[in-house]
Amino acid sequence: FNSGNNQIKDNTFDGLHHCCTLIRHWSSSNTLIIRNSFKNCRYGIHAAYSSKIIATNNDFLNFLDCAVGFYHTNDSQILGNDMHNENIYRNHGILLFGASSQNTIRGNEIQNTVNGIDIHYDSNDNRIENNEVSNADRGIILDLSDGNTVFNNNVDALTIPGFDNGDNKWSVGTTGNYWSDYTG
């Protein structure tokens, strides 16, 4: 709570109910979460009311609810993480909600989830690029959020590859996304 300039690196969290819960209440910032392993947990990383969080090069295996979740968290990055489940659960690979804005989600591999990348409730102006989402029920969801840019992602979803009920961009110039169900 209310901390800054933190580093969490090179750890293994296995079998805990909340492996690593970074609930940052009221302006915690500048946290680097790097090269950690999260196994058999409910939540991997959860940041709230935070800014400038960098979650990079972490491994998540068998998470029940969410590998990385940001709530009211801004100016942060989720980069180059591996998120895999042995079975599809009722979960999210990456979840931004409650006005989490101006974040970057790049270069993540997400497998066997219900929702690959989920952006909700006024989470605006985020950048989602170069991610691999495979064997997900729903690939990339943009729900009640605007100004997000989604491009150069590879999405192999079983039911809904992409969903958007806001005003968002799904390409930059001529670079769009790859959708497994595209037949054109």
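Residues numbered from 1 in each chain as written. Predicted model: local features only at pLDDT ≥ 70, side-chain atom pairs only at ≥ 80, totals over all residues. Heavy atoms only, no water.

Draft legend 1. Seen up close, the overall build of the chain. Within the chain, the regular secondary structure consists of zero helices and 17 strands. For 184 residues, the compact-globule estimate of 2.2 N^0.38 gives 16 Å, and the chain sits close to it at 15 Å. Overall, the chain is about 50 × 35 × 25 Å in size when its C-alpha atoms are taken along their principal axes. Here the analysis covers contacts within the chain between residues at least 6 apart in sequence; of these, 43% occur between residues at least 24 apart. Total accessible area computed for the chain in this model is approximately 8,300 Å², and 46% of it derives from carbon and sulfur atoms. Both charge centroids of the chain, one from 11 positive and one from 20 negative side chains, sit 9 Å from each other. (Helix = DSSP H or I, 4+ residues; strand = E, 2+ residues; numbered from the N terminus. Rg over C-alpha atoms; globule rule 2.2 N^0.38 Å. Contact = heavy atoms within 4.5 Å. Areas by Shrake-Rupley, 256 points an atom, 1.4 Å probe, with all protein chains shown as cover. Lys, Arg positive; Asp, Glu negative; His and termini not counted. Charge placed at Lys NZ, Arg CZ, Asp CG, Glu CD.)

Draft legend 2. Up close: unusual backbone geometry. For Q102, which is not glycine, the phi torsion reads 60° and is therefore positive. Secondary-structure assignment places Q102 in the loop between β9 (92-97) and β10 (104-106). One non-glycine residue, D125, adopts positive backbone phi at about 60°.

Draft legend 3. Molecular detail of the pairing of strand β12 (residues 115-120). Among the six residues of β12, six are classified as buried, and the element is accordingly described as predominantly covered. Pairing of β9 with β12, which is carried by four bridges, proceeds in the parallel orientation. When the sheet's bridge partners are listed, L95 is paired in β12 with D118. One ladder, built from five bridges, connects β12 with strand β14 (residues 132-143); its direction is parallel. Bridged to N115 within β14 is R138. (Buried < 20%, exposed > 50% of the residue type's maximum accessible area, 1.4 Å probe, protein only. Pairing = 2+ DSSP bridges.)

Draft legend 4. Structural detail: the packing of aromatic side chains. All chains considered together, the criterion is met by five aromatic pairs. Aromatic side chains F13 and F38 sit 5.2 Å apart centroid to centroid with 15° between the ring planes, which places their arrangement in the stacked category. On the criterion of sequence distance, the pair formed by F13 in strand β2 (residues 12-14) and F38 in strand β4 (residues 37-48) is long-range, its members being 25 residues apart. Of the two residues, F13 and F38, neither departs from the other in class, the shared state being buried. A ring pair is formed by W170 and W179, whose centres lie 5.6 Å apart and whose planes are at 50°; its orientation type is tilted. Taken together, the aromatic side chains of F13, F38 and F60 make up a single cluster linked through ring pairs. (Phe/Tyr/Trp six-rings, centres within 6.5 Å; stacked < 30°, edge-to-face > 60°.)

Draft legend 5. Structural view of the sheet that holds strand β15 (residues 149-151). Reading across from one edge, β1-β3-β5-β7-β10-β13-β15 is the order of the seven strands in this open sheet, with parallel pairing throughout. Edge positions in the sheet fall to β1 (4-9) and β15, since each has one partner strand and no second. Between one strand axis and the next, the sheet turns through 5° on average, direction left out of account. Note that strand β7 (residues 77-79) and β10 share three bridges and pair parallel. Across the sheet, I78 pairs through a bridge with I105, a residue of β10. (Axes fitted to C-alpha atoms, helices over the stretch in contact; angles between N-to-C directions.)

Draft legend 6. Layout of the nonpolar core. The biggest cluster of nonpolar side chains holds 31 residues, and the ones touching the most others in it are F60, I78, M83, I105 and I117. For this core, the secondary structure elements donating two or more residues are β4, β5 (50-56), β6 (59-71), β9, β12, β14 and β16 (154-164). A per-element tally of this core places β6 first, with five residues. (Core = buried A, V, L, I, M, F, W, Y, C linked by side-chain atoms within 4.5 Å.)

Draft legend 7. Quick look at the pairing of β5. Inspection of the sheet shows strand β3 (residues 28-34) paired to β5 by six bridges, in the parallel sense. Residue pairing in the sheet places T31 in a bridge with I53 of β5. In this structure, β5 lies alongside β7, joined through three bridges in parallel fashion. Residue I54 lies in a different strand from β7, and its bridge partner there is Q77.

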